[in-house]
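One-letter residues, chain by chain:
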Amino acid sequence: MERADELLVIKGLGKSYEARRGSRATGKALNGIDFTARPGELISVIGPSGAGKSTFLRCINRLIDPTEGSVSFCGQDIAHRSRGSLRSLREVRRQIAMIFQGYNLVYRLTAIQNVLHGRLGYKSVLAGSLGLYSEEEKMRAFELLDEVGLGAFAYRRADQLSGGQMQRVGIARALIQEPKIILADEPIASLDPKSSRMVMEHLRRVTREHGITCIVNLHQVDFALEFSDRIMGLRFGEKVFEGAPADLTEEAIERIYGGIGSGEETVDVPVALHSGSAVPVATTVAAAVAQATAAAPLAAAVPAAVAVAPVVTEVSVEADAASVVPELAGPAPLPLTTEAPVAGDQL
Ligand SMILES: Nc1ncnc2c1ncn2[C@@H]1O[C@H](COP(=O)(O)OP(=O)(O)OP(=O)(O)O)[C@@H](O)[C@H]1O
Ligand SMILES: [Mg+2]
């Protein structure tokens, strides 16, 4: 029996892609996922590359068809709704907005025109293609751009906006859709730490002020820790962690990322080495993540970095940083690789 406050109830969700084998452990991109979301929650989904995060989001809005299990949204079964019943699928999709890593804006159009595209699900094909929007819709688009700090950019072409601004247009476009839920697939993966923070703050505000649920796929564990009400960890298509940020212990991180050390299955995990800044790290060794995270308090205000590499085999620290923090000097006990260190003030 579903509780009245459960917006999304997923049971035994599984997905096998026909063309390729999904995950190493199960042969499925997703296997036996149980998950529930309530209104106004911000839930992060973390896990290594190939863990099934995107597949999970796409099953929720039926961009792909699940092969097992049920997805119930506002009490309606989405997983088994036939694609033939386009009208009802369209109605469901209006209530589920998407935000993408690559923004998915129409770059030759202005910010406000892009926001108005969020209304297309409410229009006939003809009205949509002619761009027929009501005055009320236009006013709302302005308000929402203002809300994400882009009121002055409403008539700027999307291709003249920064990545962070484009993603905020994406948030305004999602909001004008009046969704109950926003699915964001790595919304900050292409952004610098400051823009990432701003986007995450807007998403959190959306949950608090609009009561909209956000499910956000993230590689940035530190942002997941800071902004989420709840975190789900996937690995090889299976749920291996679910809990509050405070429950994401080193042991839990090991369960999610541990032992992933070969082939294509690298993972980008930013760790905060300075107060207020994050450094992206690509690691194949979960223990390296835990070690770097543990080093963070020591490294406060010290120029230090772990650089991106396909396989991380060493943590590097600038010479004077090492003299300030002797624990960070010398070879790291764990097998890690790095490239040139990055000065702290450039991060
Ligand atoms: N269209 C597809 N056809 C076949 N296999 C697919 C398809 N899409 C994804 N997969 C496989 O399903 C698994 C899960 O992929 P998914 O994209 O959901 O992972 P992810 O966690 O989002 O990874 P990333 O962090 O790299 O975005 C992977 O093994 C992937 O190769
Ligand atoms: Mg993905």
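Nothing here was measured: the structure is a model prediction, and the numbers come from that model. (Residues numbered from 1 in each chain as written. Chains lettered and ligands numbered in written order. Predicted model: local features only at pLDDT ≥ 70, side-chain atom pairs only at ≥ 80, totals over all residues.)

Peer 1: A description of the nonpolar core should follow, citing residues and the corresponding values.
Peer 2: Val115 and Ile182 are the most contacted members of the largest nonpolar core, which has 75 residues in total. If one sorts the elements of this core by residue count, helix α6 (residues 163-176) sits on top with seven residues. (Core = buried A, V, L, I, M, F, W, Y, C linked by C-beta atoms within 7 Å. Buried ≥ 20, exposed ≤ 12 C-beta atoms within 10 Å, placed from the backbone. Helix = DSSP H or I, 4+ residues; strand = E, 2+ residues; numbered from the N terminus.)

Peer 1: How would you explain the sheet that holds strand β2 (residues 30-37) if you had to name every residue and give the values?
Peer 2: Through backbone hydrogen bonds, the strands of a sheet pair up, either in parallel or in antiparallel fashion. On the basis of which strands lie adjacent, the open sheet formed by four strands has the order β2-β1-β4-β5 and antiparallel pairing. Every interior strand has two partners, whereas the edge strands, β2 and β5 (76-77), have only one. The sheet contact formed by strand β1 (residues 8-15) and strand β4 (residues 68-73) spans five bridges and is antiparallel. In the strand pairing of β4, lysine 11 is matched with serine 70. (Pairing = 2+ DSSP bridges.)

Peer 1: Which residues make up the sheet that holds strand β6 (residues 96-100), and what values do they have?
Peer 2: A sheet is described by the order of its strands in space; here six strands give the open sequence β6-β7-β8-β3-β9-β10, paired in mixed fashion. Where the open sheet ends on each side, the last strands, each with one partner, are β6 and β10 (238-243). Strand-to-strand twist in this sheet, taken as the mean axis angle between neighbours without regard to direction, amounts to 20°. Bridge analysis of β6 against strand β7 (residues 181-185) gives five bridges, and the strand direction is parallel. Residue isoleucine 96 lies in a different strand from β7, and its bridge partner there is isoleucine 181. Sheet contacts for helix α7 (residues 193-209): β3 (42-46), β7 and β8 (213-217); angle to β8, the most-contacted strand, approximately 155°. (Axes fitted to C-alpha atoms, helices over the stretch in contact; angles between N-to-C directions. Contact = placed C-beta atoms within 7 Å.)

Peer 1: Tell me about the pairing of β3, and please be specific about residues and values.
Peer 2: Most of β3 is tucked away, with five of its five residues classed as buried. Neither face of β3 is left uncovered, since the one carrying Leu42, Ser44 and Ile46 and the one carrying Ile43 and Val45 both have all their residues buried. Bridge count for β3 against β8 is four bridges, and the pairing is parallel. When the sheet's bridge partners are listed, isoleucine 43 is paired in β8 with isoleucine 215. Across four bridges, β3 lies against strand β9 (residues 230-235) in parallel orientation. Following the sheet pairing, isoleucine 46 is matched in β9 by glycine 233.

Peer 1: Give me the environment of leucine 109: which residues, what numbers.
Peer 2: Tracing the backbone through its elements, the reader meets leucine 109 in the loop between β6 and α3 (111-116). Excluding residues within four positions of it along the chain, leucine 109 makes contact with Asn114, Arg157 and Ala158.

Peer 1: Tell me what's going on with the packing of helix α5 (residues 135-147) against α6, and back it up with residues and numbers.
Peer 2: Here α5 crosses α6 at 135°, and the two axes come no closer than 9 Å. Comparing their axes, α6 and α5 come out oblique. Relative to α6, the crossing made by α5 is right-handed. Two secondary-structure elements touch here, α5 through Arg140, Ala141, Leu144 and Leu145 and α6 through Ala172, Leu175 and Ile176. (Parallel < 35°, antiparallel > 145°, perpendicular 65-115°, else oblique. Left-handed = near helix turned anticlockwise from the far one by under 90°.)

Peer 1: Can you lay out α5 for me, pointing to particular residues and giving the numbers?
Peer 2: Between its terminal C-alpha atoms α5 stretches 18 Å, which fits the 18 Å expected from 13 residues at 1.5 Å a residue. Close packing links the buried residues of α5 with α3 and α6. Positioned one or two residues after α5, glycine 149 has a phi angle of 80°, which is positive. (Expected span 1.5 Å × (residues − 1).)

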